[in-house]
Amino acid sequence: MTNKPSALYIHIPFCEHICNYCDFPKLQFFAALADQYLIRLKEELTALQIDHSLKTIYIGGGTPTALNDEEFEILLKMVWPYAQGVQEYSVEANPESLSEEKLLLLKKYGVNRISLGVESTDDRILKILNRRHTFKNVQEAIANAREIGFDNISVDLILGLPQVDKQMLLKDIQNLISLNVEHISCYSLTIHPHTKFYLDGIQEVSDDYTRELYDLIAQELKKAGFIHYEVSNWAKPGRFSEHNLTYWKDNQYYGIGLGASAFKGKYRYKNTNSITEYNAGRFLKSKELVTYDDDKTYYIMLSLRTIFGLSFDEYEKRFGEDFEKNHKESIARFVKEGLLKVENRHLIPTYEGMMILDTIIVQFMSD
Ligand code: SF4
């Protein structure tokens, strides 16, 4: 593998408040800490010596919009030399901190996609999550973004939240559809140790119930014209997340900032989760050689997550093996069971297949 990464991920770990379920690398915003962080981030970015065109850039978090306006402009200016000409440049934002000033800065520095952390459209549930926005803030943030000229907006929703029954979820979906956005991500709630939800004894919903929630979402979003293009992601035609497709196609990417991952050459890299370490200039936590077998596993696992599927030709080019021939019986069985289909020399998951992907992957691994 010698192709250079065409995607760049940048992590901004600061948040205005800490949500009760959150397990991302994040910390409470503190301007002095953020100032130092941006200095180190620039060092890490410069050291990459990116001398070619990138296709996508994604600034995520944390909450990039938790930075104050001055810091936010420092960040966008730092990325600007790499941003000119990229196909997709996304920034994550929280509705309450996506001010007009920040929107104007995003526009000025070439950002063309906004990913808004919505999580729920019920103000009572948002309080339980310890989110600081209301659904009205979401509507206002999107209206402001549209006015300033953003035509590619994504929102996300958490499934299986405490106290949210199917009727409330249906209302959430209808509210999201009413926002008229281009992209919707829905992730089921995972209870991570050390989070407030974990300490409060909140339980995850069962797999069967999660499946019922997915069925409801898939049905409603399909009616609204969204394409279910990845297990947890829906988009209007042509509005797939190009940056995330880099991961799902198992292509290489740069990643900088606290806790960020990267895949370059034959290695996968992971940065430190400690802000003390990071701000002292010690970025890297681990560097792992991707073996031939690991690479195959990643490729199968990731490519079957999307409707673009696993390409037999690319698999052969990459691994020198005939996937179709080597897994003939399993493919035939999954096709017969309606879990996979073969089209134009690609193995593509159906909706049913996406819902039990782990079983399919385990079978291919043990063939
Ligand atoms: S805003 Fe996002 S990153 Fe920050 S605490 Fe909440 S869920 Fe975590």
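Since we're looking at a predicted model, the values are computed, not measured.

**Concerning the state of the cysteines**
So, step 1. Under the counting rule described, the total for this entry stands at zero disulfides.
So, step 2. Counting only cysteine sulfurs, Cys19 is the nearest neighbor of Cys186, a cysteine outside any disulfide, at a range of 17 Å.

**Thoughts on the site of the ligand**
So, step 1. Close to the ligand lie Cys15, His17, Ile18, Cys19, Tyr21, Cys22, Phe24, Gly62, Thr63, Asn94 and Arg131.
So, step 2. Of the residues belonging to the shell around the ligand, the class tally is six nonpolar, four polar and one charged.

**A few points about the packing of aromatic side chains**
So, step 1. Inspection of every chain in the model, using the stated rule, returns 22 aromatic pairs.
So, step 2. Taken together, a centroid distance of 6.2 Å and an interplanar angle of 90 degrees make the contact between Phe14 and Phe29 edge-to-face. With Phe14 in strand β2 (residues 14-15) and Phe29 in the loop between β3 (27-28) and α1 (31-47), this residue pair connects regions lying 15 residues apart in the sequence.
So, step 3. Given a relative accessible area of 0%, Phe14 falls into the buried group.
So, step 4. What makes Phe29 partly exposed here is its relative accessible area of 25%.
So, step 5. With a centroid separation of 6.0 Å and 70 degrees between ring planes, the pair formed by Tyr229 and Trp248 is classed as edge-to-face. One end of the pair, Tyr229, is in strand β9 (residues 227-230); the other, Trp248, is in helix α9 (residues 242-248), with 19 residues separating them in the sequence.

**Some thoughts on the pairing of strand β7 (residues 153-159)**
So, step 1. For β7, the tally of buried residues reaches seven of seven residues, placing the bulk of the element in the interior.
So, step 2. Alternating positions in β7 separate into two faces, Ile153, Val155, Leu157 and Leu159 on one and Ser154, Asp156 and Ile158 on the other, with burial throughout.
So, step 3. Where β7 and strand β8 (residues 183-188) come together, six bridges link them in parallel fashion. In the strand pairing of β8, Ser154 is matched with His183.
So, step 4. Traced from β7 through helix α6 (residues 166-178) to β8, the parallel crossover comes out right-handed.

**Topic: the nonpolar core**
So, step 1. Core analysis: the biggest nonpolar cluster contains 101 residues, and Ile10, Ile12, Leu41, Ile57, Tyr89, Leu106 and Phe364 have the highest contact counts within it.
So, step 2. In terms of residue count, helix α2 (residues 69-83) provides more of this core than any other element does, seven residues in total.
So, step 3. Among residues more than four places away in sequence, those in contact with Ile57 are Leu8, Ile10, Val79, Tyr82, Ala83, Val86, Glu88, Tyr89, Ser90 and His243.

What counts and how
Residue positions are given per chain, counting from 1 as you read along its sequence in written order. Per-residue local features of the predicted model are confined to residues with pLDDT of at least 70, and side-chain atom pairs are confined, for both listing and counting, to 80 or more; whole-chain, interface and lining totals are unaffected and use all residues. Water and hydrogen atoms play no part in the side-chain values, which are based on all heavy atoms of the structure. When two cysteine sulfur atoms are found within 2.5 Å, that pair is recorded as a disulfide. Neighbouring residues are identified by heavy atoms, a residue being near a molecule or strand if any of them is within 4 Å of it. Side-chain classes follow a simple rule in which Ala, Val, Leu, Ile, Met, Phe, Trp, Tyr, Cys and Pro form the nonpolar group, Asp, Glu, Lys and Arg form the charged group, and the remainder, Gly included, forms the polar group. Any pair of Phe, Tyr and Trp rings, taking the six-membered ring for Trp, is counted once the centres come within 6.5 Å. Such a pair is stacked with planes under 30 degrees apart, edge-to-face with planes over 60 apart, and tilted for the rest. Helical segments are the DSSP runs of H or I of at least four residues, strand segments are the runs of E of at least two, and each set is numbered from the N terminus. Exposed residues in this analysis have more than 50% of their type's maximum accessible area, buried residues have under 20%, and partly exposed residues fall in between, with area computed by a 1.4 Å probe over protein chains only. If DSSP finds at least two bridges between two strands, the strands pair. For the handedness criterion, the strands are oriented away from the viewer, and a crossover whose path from the first strand over the helix to the second runs clockwise is classed as right-handed. Note on terminology: a nonpolar core comprises buried Ala, Val, Leu, Ile, Met, Phe, Trp, Tyr and Cys residues joined through side-chain atoms within 4.5 Å. Here, two residues are considered to be in contact whenever any of their heavy atoms come within 4.5 Å of each other.

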